[in-house]
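Each chain, written out:
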Amino acid sequence: MPFKVMTDSCCDLPYTYLEANDVDFISMTIQLNGKELVDDLGKTFDYDWFLQEIKSGAMPTTSQVNVGRYIEFFRPYVEKKLPILYLAFSSGLSGSYQSAVQAVAILKEEAPEAQIYVIDTKAASLGEGLLVSKVIQMKAAGHSLEEILLWLADNKMCVHSWVTVDDLKHLERGGRISKAAAAIGGLMNVKPIIVVDDQGKLQNIGKVRGRSKALKKLTDETVKGIKEPLEQTLFIAYAGDLKSAEAVKEMIEAEIQVKEIKLYPLGPTITSHTGNGCIAVFSMGEKR
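Conventions used here
- Sequence order as written defines residue numbering, which begins from 1 separately in each chain.
- Residue-level local features of this predicted model are given only where pLDDT is at least 70; pairs of side-chain atoms are given and counted only at 80 or more, and the full residue set underlies all totals for whole chains, interfaces and linings.
- In computing side-chain values, all of the structure's heavy atoms are included and hydrogens and water are not.
- Strands here are runs of E lasting at least two residues and helices are runs of H or I lasting at least four, both read from the DSSP assignment and numbered beginning at the N terminus.
- Under the scheme applied here, a residue whose accessible area is under 20% of the maximum for its type counts as buried, over 50% as exposed, and between as partly exposed, the area being computed with a 1.4 Å probe on protein chains only.
- The contact definition used throughout considers only heavy atoms, calling two residues in contact when any of these lie within 4.5 Å.
- We get accessible surface area from the Shrake-Rupley algorithm with a probe of 1.4 Å; when it comes to residues, only the shown protein chains can shield them.
- Neither His nor the chain termini are counted; the positive set is Lys and Arg, and the negative set is Asp and Glu.
- For charged residues, the charge sits on one atom: NZ in Lys, CZ in Arg, CG in Asp, CD in Glu.
- Working definition: a ring pair exists when centres of Phe, Tyr or Trp rings (six-membered ring for Trp) sit within 6.5 Å. Plane angles under 30 degrees give stacked, over 60 give edge-to-face, the rest tilted.
- Here, over-ring charges are defined by two tests on the NZ atom of lysine or the CZ atom of arginine: distance to the ring centre within 6 Å, and angle to the ring normal within 35 degrees.
- Pairing between strands is defined by DSSP: at least two bridges between the two strands are required.
- Every axis in this analysis is a line fitted to C-alpha atoms, fitted for helices over the stretch in contact. Angles between the N-to-C directions lie between 0 and 180 degrees.
- Put simply, a nonpolar core is a bunch of buried Ala, Val, Leu, Ile, Met, Phe, Trp, Tyr and Cys residues held in one set by side-chain atoms that sit within 4.5 Å of each other.
- Throughout, the term roughly parallel applies to angles under 35 degrees, roughly antiparallel to angles over 145, roughly perpendicular to angles from 65 to 115, and oblique to all others.
- A clockwise turn of the near helix away from the far one marks a right-handed crossing, whereas an anticlockwise turn of less than a right angle marks a left-handed crossing.

When its secondary structure is counted, the protein shows 11 helices and 13 strands. With the C-alpha coordinates aligned to their principal axes, the bounding extent of the protein is approximately 60 × 45 × 30 Å. In the protein, buried positions account for 54% of the 288 residues. Long-range contacts, defined as pairs at least 24 residues apart, comprise 75% of the intrachain contacts of the protein with a sequence gap of at least 6. Total accessible area on the protein is roughly 13100 Å²; 51% of this is exposed by carbon and sulfur atoms. In the protein, the 33 positive side-chain charges and the 37 negative ones have mean positions that sit 5 Å from each other.

As structure tokens, then:
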């Protein structure tokens with residue numbers, strides 16, 4: 001039976017890839033300098049301008065998707081009686097997942113037979129993107145919606161995310177570190193090592209001195225945790241620092257042979273919270 005795959009712009013996959021594979025996405029919104037910007041995965045969003053604003057000291061904010069927008073997003077497929085599989089940005093980082101769940105409850109009052117499956121990916125950026133990409137591949141290979149739901153239940157917690165940031169101000173503003181820690185860290189050139197935990201939240205699990213050591217740590221931990229590397233496509237996300245992303249790619253390839261490593265810009269919604277210079281590596285391993 002046919003079904004519709006849907007996601008949101010926090011998956012950080014190119015809109016062209018999603019369009020080519022018939023995946024609809026709902027856009028997060030960003031507030032900057034009194035304007036509301038739509039994160040449409042690069043379709044119209046001026047990412048270079050956005051990064052320049054952040055480099056100049058701008059501190060954008062983001063807001064979750066509300067229930068009404070989710071109802072509008074899902075309703076056309078409910079009316080077509082087409083089952084929906086929506087892969088959502090981590091509930092540990094946004095209230096959008098809960099908004100989606102509430103929207104489904106309202107739509108099911110109108111159409112009790114509607115099939116809408118909302119998956120809390122417990123992942124962000126290309127970690128969420130890894131799951132979306134896998135679902136696309138499984139659907140193309142002829143797997144049923146039921147088979148894909150079972151795969152997600154077994155494997156969504158196997159996404160590993162290793163992250164470092166270059167600018168501590170954004171972590172401080174988000175409450176991830178104290179103002180004093182940010183000030184001292186900046187002076188000491190300390191770089192945090194961050195993971196997405198089993199609650200889908202960001203956890204600062206360590207720190208190293210200097211950018212190169214941070215990139216090496218991301219490499220080492222990714223290589224250590226990877227499962228079935230020859231069958232894996234790894235994703236690396238970068239905010240304004242392609243050179244560092246390429247360096248991590250080269251270091252991983254020097255350590256282990258994988259199917260493929262793809263590099264994509266970190267989307268503006270996530271970049272609003274990490275700042276310029278963030279590097280994140282995503283792979284599949286054992287359960288978190």
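Next comes the rest of the write-up.
Turning our attention to the environment of Leu 32. With respect to the helices, strands and loops of the structure, Leu 32 is situated in strand 3 (residues 28-32). Given a relative accessible area of 3%, Leu 32 falls into the buried group. Separated by 204 residues in sequence, Leu 32 and Ile 236 have C-alpha atoms that sit 26 Å apart. The residues touching Leu 32, leaving out its near neighbours within four places in the chain, are Leu 37, Trp 49, Phe 50, Glu 53, Ala 58 and Pro 60.

This part takes up the packing of aromatic side chains. Evaluation of the coordinates by the stated rule reveals eight aromatic pairs. For the pair Tyr 70 and Phe 74, a centre-to-centre distance of 5.7 Å together with 25° between the ring planes defines the contact as stacked. Taken together, the residues span about one helical turn, with Tyr 70 and Phe 74 both in helix 3 (residues 67-79) at a distance of four residues. In this structure, Tyr 70 and Phe 74 share a single accessibility class: buried. Ring plane angle 80° and centroid distance 6.1 Å describe the contact between Phe 73 and Tyr 86, whose orientation is recorded as edge-to-face. Within this pair, whereas Phe 73 is found in helix 3, its partner Tyr 86 is found in strand 6 (residues 84-88), the two being separated by 13 residues in sequence. Judged on exposure class, the residue Phe 73 and its partner Tyr 86 are both buried. Here a set of aromatic residues connected by ring pairs shows up, and it is made of Tyr 70, Phe 73, Phe 74 and Tyr 86. Just above the ring of Phe 3 sits the side chain of Lys 139; from NZ or CZ to the centre is 4.9 Å.

With that settled, the discussion passes to the sheet that holds strand 12 (residues 260-265). With mixed pairing, the six strands of this open sheet are ordered in space as 10-9-8-13-11-12. At either margin of the open sheet sits one strand with a lone partner, and together these are strand 10 (202-209) and strand 12. Strand-to-strand, the axes of this sheet are offset by a mean angle of 20°, without reference to chain direction. Two elements, strand 8 (residues 159-164) and strand 9 (residues 190-196), share three bridges in a ladder whose sense is antiparallel. Counterpart to Thr 164 in the pairing with strand 9 is Ile 193. The sheet strands contacting helix 5 (residues 126-140) are strand 8, strand 11 (233-238), strand 12 and strand 13 (279-284), and the helix crosses strand 11 at an angle near 145°.

Turning to the side chain of Lys 122, a few remarks are in order. Secondary-structure assignment places Lys 122 in the loop between strand 7 (116-120) and helix 5. When its relative accessible area of 18% is taken as the criterion, Lys 122 is described as buried. Setting aside residues up to four positions removed in sequence, Lys 122 forms contacts with Ser 90, Ser 91, Lys 156, Met 157, Val 196, Asp 198, Gln 199, Gly 200 and Arg 288.

Ranked by internal contacts, the top residues of the largest apolar core, which has 73 residues, are Leu 18, Tyr 70, Phe 74, Leu 85, Tyr 86, Val 118 and Leu 152. Filtering out sequence-adjacent residues up to four positions away, Leu 18 remains in contact with Thr 7, Cys 11, Leu 13, Val 23, Phe 25, Leu 41, Val 132 and Ile 136. The next biggest cluster of nonpolar side chains, apart from the first, holds 19 residues, and it includes Ile 193, Ala 214, Leu 218 and Ile 226.

As a further point, take the packing of helix 5 against helix 6 (residues 145-155). Between helix 5 and helix 6, whose axes approach to 10 Å, the crossing angle comes to 150°. Taken together, the axes of helix 5 and helix 6 lie roughly antiparallel to each other. Crossing of helix 5 over helix 6 shows right-handed handedness. Here helix 5 contributes Leu 131, Lys 134, Val 135, Met 138 and Lys 139 to the contact with helix 6, which in turn contributes Glu 147, Ile 148, Trp 151 and Leu 152.

Taken in spatial order, the four strands line up as 2-1-6-7 in an open sheet, and their pairing is parallel. Every interior strand has two partners, whereas the edge strands, strand 2 (24-26) and strand 7, have only one. Taken pair by pair, the neighbouring strands of this sheet meet at an average axis angle of 20°, ignoring direction. Bridge analysis of strand 6 against strand 7 gives five bridges, and the strand direction is parallel. Residue Leu 87 lies in a different strand from strand 7, and its bridge partner there is Ile 119.

Moving on, we get to the environment of Gln 257. Turning to its location among the elements, Gln 257 is positioned in the loop between helix 10 (242-255) and strand 12. Here the alpha-carbon distance between Gln 257 and Asp 12, two residues 245 residues apart in the chain, equals 25 Å.

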